[in-house]
Amino acid sequence: MIEMDDKSDFEPKIIGFLCNWCSYAGADLAGVSRFQYPANVRVIRVMCSSRIDPQFVLKALTEGADGVLIAGCHPGDCHYIEGNYRTRRRIAALDKILEKYGLSDRVFLEWVSASEGKRFAEVVTDITNKLKELGPNPHKARWEI
Amino acid sequence: MKIGVYVCECGTNISGTVDVADVAEYAKSLPNVAVSKYYKYMCSDPGQLLIKDDIKELGLTHVVVASCSPRMHEPTFRTVVEEAGMNAYCFEMANIREHCSWAHMHEKFKATEKAKDLVKMSVAKAALLEPLEKKQVPVTPAALVIGGGIAGIQTALEIAESGFKTYLVESTPSIGGRMAQLDKTFPTMDCSACILTPKMVDVARHPNIELLTYSEVTGIDGYIGNFTVTVKKKARYVDIEKCVGCGLCAEACRLKDRVDDEFNENLGKRSAIYVPFPQAVPLKYTIDPEKCIFLKTGKCGDSPPCVGACAADAINHQQEDEIIELDVGTIVVATGFDLYDPSQKPEYGYGKIKNVITGMEFERLVSASGPTEGHIEINGKEPEKVVFIQCVGSRDKEGNEYCSRVCCMYTAKHAHLVRDKIPGAEVIVYNTDVRAYGKGFEEFYVRVMDEGVKYLRRELDDQIEVVENGDKAIVKAEGHPDIEADLVVLATAIEQKKDIADISKVLKISRGADNFFLEIHPKLRPMDTATSGIFLGGCCQGPKDIPDTVAQASGAAAKATIPLAQGKIDLDPQTSFVIENNCAGCGLCVEACPYSAIELMDGKAEVNEALCRGCGLCSATCRSGAIQLKGLTDHQLISMIKSSLSEVF
Ligand code: FES
């Protein structure tokens, strides 16, 4: 069988933190509905997006991730009342630091509900394309030293 | 430490895209992995046995299964490892089906690489998982049912019959819901009230049911087995202990026959003090605070005539809302539906042309208890030509994309009723497909056609317009000659309740793209919500006819009864815990916790495990990493991040 994948192109590696109740379920639905999207995201399931400590995002970037996706329930829909409002504030604060290092456009905060399988596939396609255009995480090599 | 890795082929669901042999082989090279295998169906009996045997023979301490979503089978495999003597929480799952093989079907190489990464990450996390102990808590042996339509009535009766205290909360003054408004029911033509009212009376009489009408759920706290529910009993301005339902007050009311009667779809009039319909349960009067002259202005003539008329001295204009708290173990949501407002589509002329009414209005018109006592009349005349238009607000790409499932059949029922009551009448049904899928539906549809009802087909996108012509309405449907009708009936869509935003805020349960409440699994768990202990019954989950509503309501009742019957439930041990030495006692976590599960004791944070729901918000808030979530510690998460990015492990 002929392998159609083009391995020469840059393939960004993305860490995806998904909350169990909405976004992880949305990603499940994308699969069940067979919506196809690029295989670049490595998903880490958390119970709520509010579990995501900004240090995890920084850790992922310093370890060489090309992008980080944080996805939670839509505002007002968090399974734990208002965890996602906290997430939103935290990521906004984190963004200030990321900006300094030119990493701001590598971190994506998205709301994906359990019924939005299609949207999950679109979000991943979208950010994969954006990261392909941006190229590899420039700090990757430096941090490796 | 010995980790076992098991990769599932899932028939060809996974192996059709992911090279499972390669993944299993790769897993052998990962640290701490003692054994790695792949098998056709890991969740099947032989698959489970494979894991159990290895745990016993090789003394595995941790197990990773790479298969479907943990939302599907994590509980299954936790039980499997537990049965073989391993701790259930030393188990980890890698989702290589929903998140991998199904999503990357044309990229076999990349999918296989991703599957390897996902397994690697799970192994990295598994190595850090520690045994957790399950705790049990007692369940409050009572249930709450929200909504008193046929779904809520059915649910409440069945839970109560099982021997448990059941609170039935209904927001309007009477139970009965939409079904009480219907005249006949398709396809059997049973009289709706005749089959419903005995059930309503059963509810009122049942020793295990406490009925709270004209009441709203305003808050829910706690978790499965131990919910605390706040209910607002709205002021009725009538003491229901004293009211005997005689109706003398309504007769005396200064607004008698002057207030729009919502039970009759505003086709009739009532007083400001009223019961929604004669068979209301409870048969207790309520003062409409929006209309009552005394409540609005502080005076009504010399003294309110209702007060004078009431021999039981039941009327109390000073009554206030009352807030009560209920303790329950489980909750069933049966809040029902609203109907599409066709004035949103001006082409139908609804609201402007008198001859155009909705199906529900027709229902009241044809009902013997309705404003015309069952005479079908429009502008005081019996119609000679009636046109029904289906799919108004349903199957609409711009609006509700779904099919409302009942309109085809209720239109057939209405058409039959017109022919029955006005034998000479000409009846035309504009349909866009007739969906007669249920038991006895097709037979009923054929019967109605045989009775002389003319079915004309349109395409969904075909133009249709209703224009006024003197005392008649002309229906102009694309591809058909114009029809001059005396009465036009619109089959309007079933929609989620208009105040759903408020309801879902209180309940914290999600909605789907169609706005209806979302079940956790569309096929296997149609009554479960994402919040354990809260179940769905009836149309709040999606459009249904009465038999389906009753079936689902019974299912929800059974579901809600299980924890009550068990008497205790396992608490998820994946709660937060404090590493005391690191805790500075700053109290940030205490403030952040949405469940007030954390307290400062002697300058250190302390977690109440029964209240903690395991969201992990505190952990991300803590500046010193002193509060951690079991099963999702910083350490575990970071090891997943690192392993996913390292070229080696
Ligand atoms: S549970 Fe999804 S964001 Fe909180």
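Rules of the game
Residues numbered from 1 in each chain as written. Chains lettered and ligands numbered in written order. Predicted model: local features only at pLDDT ≥ 70, side-chain atom pairs only at ≥ 80, totals over all residues. Heavy atoms only, no water. Helix = DSSP H or I, 4+ residues; strand = E, 2+ residues; numbered from the N terminus. Rg over C-alpha atoms; globule rule 2.2 N^0.38 Å. Buried < 20%, exposed > 50% of the residue type's maximum accessible area, 1.4 Å probe, protein only. Contact = heavy atoms within 4.5 Å. Areas by Shrake-Rupley, 256 points an atom, 1.4 Å probe, with all protein chains shown as cover. Lys, Arg positive; Asp, Glu negative; His and termini not counted. Charge placed at Lys NZ, Arg CZ, Asp CG, Glu CD. Pairing = 2+ DSSP bridges. Axes fitted to C-alpha atoms, helices over the stretch in contact; angles between N-to-C directions. Buried area = accessible area lost by both parts, 1.4 Å probe. Salt bridge = Lys/Arg side-chain N within 4 Å of Asp/Glu carboxyl O. Polar contact = N/O pair within 3.5 Å; in protein donor to acceptor, adjacent residues only side chain to side chain. Nonpolar A, V, L, I, M, F, W, Y, C, P; charged D, E, K, R; others polar. Expected span 1.5 Å × (residues − 1). Core = buried A, V, L, I, M, F, W, Y, C linked by side-chain atoms within 4.5 Å. Right-handed = clockwise from strand over helix to strand, strands pointing away. Phe/Tyr/Trp six-rings, centres within 6.5 Å; stacked < 30°, edge-to-face > 60°. Patch = residues over 30% accessible without salt bridge, like charges linked within 9 Å, V, L, I, M, F, W, Y side chains within 5 Å. pLDDT = per-residue confidence, 0-100.

Asker: Sorry, what's going on with the overall build of chain A here?
Answerer: Assigned secondary structure in chain A consists of five helices and four strands. For chain A, the sequential pattern of α-helices and β-strands runs β-α-β-α-β-α-β-α-α. Computed over its C-alpha atoms, the radius of gyration of chain A comes to 15 Å, within 12% of the 15 Å expected for a compact globule of 145 residues. Considering only C-alpha atoms, chain A reaches an extent of 45 × 45 × 20 Å along its principal axes. When burial is assessed residue by residue, chain A has 54% of its 145 residues classed as buried. Sequence separation of at least 24 residues holds for 80% of the intrachain contacts in chain A that already meet a minimum separation of 6. Looking at chain A as shown, the accessible area adds up to about 6200 Å², and 53% of this sits on carbon and sulfur atoms. Of note, chain A has its 20 positive side-chain charges centred 6 Å away from the centre of its 20 negative side-chain charges.

Asker: Would you explain the overall build of chain B in this entry?
Answerer: Secondary structure summary: chain B contains 18 helices and 34 strands in total. When its C-alpha atoms are laid out on the principal axes, chain B stretches across 85 × 65 × 40 Å. Counting over 649 residues, chain B shows a buried share of 57%. Of the contacts made within chain B by residues no fewer than 6 positions apart, 69% connect residues no fewer than 24 positions apart. Of the roughly 27200 Å² of accessible surface on chain B, 49% is carried by carbon and sulfur atoms. If the 71 positive side-chain charges of chain B are averaged to one point and the 91 negative ones to another, these points end up 1 Å apart.

Asker: Sorry, what's going on with the sheet that holds strand β3 (residues 67–72) of chain A here?
Answerer: Whether parallel or antiparallel, the strands of a sheet pair through hydrogen bonds between backbone atoms. Residue and element names in this part refer to chain A. Read from one edge to the other, the open sheet built from four strands follows the order β2-β1-β3-β4, with strand pairing classed as parallel. In this open sheet, the two edge strands, each paired with only one partner strand, are β2 (41–46) and β4 (107–111). Pairs of neighbouring strands in the sheet enclose a mean axial angle of 20°, with direction left out of account. Where strand β1 (residues 14–19) and β3 come together, five bridges link them in parallel fashion. The residue of β3 that forms the bridge with glycine 16 is leucine 69. Each of β1, β2 and β3 touches helix α1 (residues 23–32); the most contacted strand, β1, lies at about 110° to it.

Asker: What is the right way to look at the interface of chain A and chain B in this model?
Answerer: One frequently used descriptor of interface size is the decrease in accessible area upon assembly of the parts. Contacts between the two partners involve 51 residues from chain A, matched on the other side by 52 residues from chain B. Of all residues in chain A, Arg42(A), Arg51(A) and Tyr80(A) give up the largest surface area on contact with chain B, accounting jointly for 14% of the area buried on that side. Where chain A meets chain B, there are six salt bridges. The residue Asp117(B) makes a salt bridge to Lys13(A) at a minimum N-O spacing of 2.8 Å. Linking chain A with chain B are 21 residue pairs in polar contact (both at pLDDT 80 or more). Listing elements by their share of the side of chain A that touches chain B, those giving two or more residues are β1, α1, β2, α2 (54–62) and α3 (83–100) of chain A. Among the residues forming the side of chain A that touches chain B, the class breakdown is 27 nonpolar, nine polar and 15 charged.

Asker: What exactly am I supposed to notice about helix α5 (residues 108–126) of chain B here?
Answerer: An α-helix turns once every 3.6 residues. As a result, residues three or four positions apart point the same way. For α5(B), built from 19 residues, the straight-helix expectation of 27 Å at 1.5 Å per residue is met to within 8% by its first-to-last C-alpha distance of 26 Å. Within α5(B), 16 of the 19 residues are buried, leaving the element largely enclosed by the surrounding structure.

Asker: Is there a simple way to think about the nonpolar core in this case?
Answerer: In summary, soluble globular proteins display a tendency toward joint burial of nonpolar side chains. Residues Phe17(A), Val5(B), Ile51(B), Val63(B) and Val119(B) are the most contacted members of the largest nonpolar core, which totals 69 residues. Among the elements that line this core, the one with the most residues is α5(B), at seven residues. Apart from the residues lying within four places of it in its own chain, the contact partners of Val119(B) are Val5(B), Val23(B), Ala27(B), Leu30(B), Ala66(B) and Ala94(B). Formed by 40 residues, the second largest nonpolar core is a distinct cluster that contains Val429(B), Phe441(B), Leu487(B) and Val489(B).

Asker: Explain the pattern of salt bridges here, please?
Answerer: Two side chains bearing opposite charge may form a pair once their charged atoms approach each other closely. Under the counting rule described, the total for this entry stands at 50 salt bridges over all chains. Glu116(A) serves as the salt-bridge partner of Arg119(A), at 3.6 Å between the closest nitrogen and oxygen. Across the pair Asp202(B) and Arg205(B) runs a salt bridge, and its minimum N-O distance is 3.4 Å. Of the two residues, Asp202(B) and Arg205(B) are both situated in helix α7 (residues 192–205); the distance of three residues between them amounts to about one turn of the helix.

Asker: Would you explain unusual backbone geometry in this entry?
Answerer: Peptide bonds are trans in most cases, and residues, glycine excluded, mostly fall at negative phi. Residue and element names in this part refer to chain B. For the bond from phenylalanine 186 to proline 187, the omega torsion is -10°, close enough to zero to count as cis. Mapped onto the elements of the fold, proline 187 is located in the loop between β8 (184–185) and β9 (190–191). The omega torsion of the bond from valine 281 to proline 282 falls at 0°, within 30 degrees of zero and hence cis. Within the element layout of this structure, proline 282 appears in the loop between β15 (273–274) and β16 (286–287).

Asker: Would you mind showing me how to read the pairing of strand β22 (residues 426–431) of chain B here?
Answerer: The side chains of a regular strand alternate between the sheet's two faces. All names here are of chain B. Within β22, five of the six residues are buried, which leaves it mostly tucked inside the rest of the structure. Note that strand β21 (residues 385–392) and β22 share five bridges and pair parallel. Residue valine 387 lies in a different strand from β22, and its bridge partner there is isoleucine 428. The parallel pair β21 and β22, bridged by helix α12 (residues 407–421), forms a crossover whose chirality is right-handed. Of the strand pairs in this sheet, β22 and strand β23 (residues 454–457) are connected by four bridges, and their pairing is parallel. Residue pairing for β23: asparagine 431 is matched across the bridge by arginine 457. The β-α-β motif built from β22, the intervening helix α13 (residues 441–450) and the parallel element β23 has right-handed crossover chirality.

Asker: For this particular structure, what's the right way to read the sheet that holds β22(B)?
Answerer: Residue and element names in this part refer to chain B. What the five strands build is an open sheet, ordered β20-β27-β21-β22-β23; its pairing is parallel. The open sheet is flanked by β20 (356–358) and β23, the only strands paired with a single partner. Sheet twist, expressed as the mean angle between neighbouring strand axes with direction ignored, is 25°. Along the sheet, helix α11 (residues 359–366) contacts β20 and β27 (487–492); its crossing angle with β20, the most-contacted strand, is approximately 90°.

Asker: Sorry if this is basic, but what is going on with the packing of aromatic side chains here?
Answerer: Each pair of aromatic rings is reported with the distance of its centres and the angle of its planes. Residues and elements named next belong to chain B. Evaluated as defined, the whole model comprises ten aromatic pairs over all chains. Between tyrosine 402 and phenylalanine 516, the aromatic rings sit 5.4 Å apart at their centres with planes inclined by 65°, giving edge-to-face as the arrangement. Taken together, the residues span a long stretch of sequence, with tyrosine 402 in the loop between β21 and α12 and phenylalanine 516 in the loop between α14 (500–507) and β29 (534–536) at a distance of 114 residues. Its relative accessible area of 15% is what places tyrosine 402 among the buried residues.

Asker: Just to check I follow, could you spell out the pairing of strand β2 (residues 33–39) of chain B for this structure?
Answerer: All names here are of chain B. Sheet analysis places strand β1 (residues 3–8) next to β2, joined by six bridges and oriented parallel. Counted as the bridge partner of isoleucine 3 is valine 33 from β2. In this fold, β1 hands off to helix α1 (residues 20–28), which returns the chain to β2; that crossover is right-handed.

Asker: What should I look at first to understand a negative patch on the surface in this one?
Answerer: On the surface, Glu580(B), Glu599(B), Asp602(B) and Glu606(B) cluster together into a patch of negative charge. With respect to the secondary-structure elements, Glu580(B) resides in the loop between β31 (576–578) and α16 (588–592).

Asker: Help me understand a nonpolar patch on the surface, please; the structure alone is not making it clear to me.
Answerer: On the surface, a nonpolar cluster with roughly 260 Å² of combined accessible area is contributed by Leu58(A), Ile97(A) and Tyr101(A). Assignment of secondary structure puts Ile97(A) in helix α3.

Asker: What exactly am I supposed to notice about the confidence of the model for chain A here?
Answerer: Any segment with low pLDDT has predicted coordinates that should not be analysed in fine detail. Residues at a pLDDT of 70 or more form 91% of chain A, whose mean pLDDT is 90. Long-range and interchain partners of residues 1–8 of chain A, a stretch whose pLDDT sits below 50, account for ten contacts in this model, where long-range means more than four residues apart.

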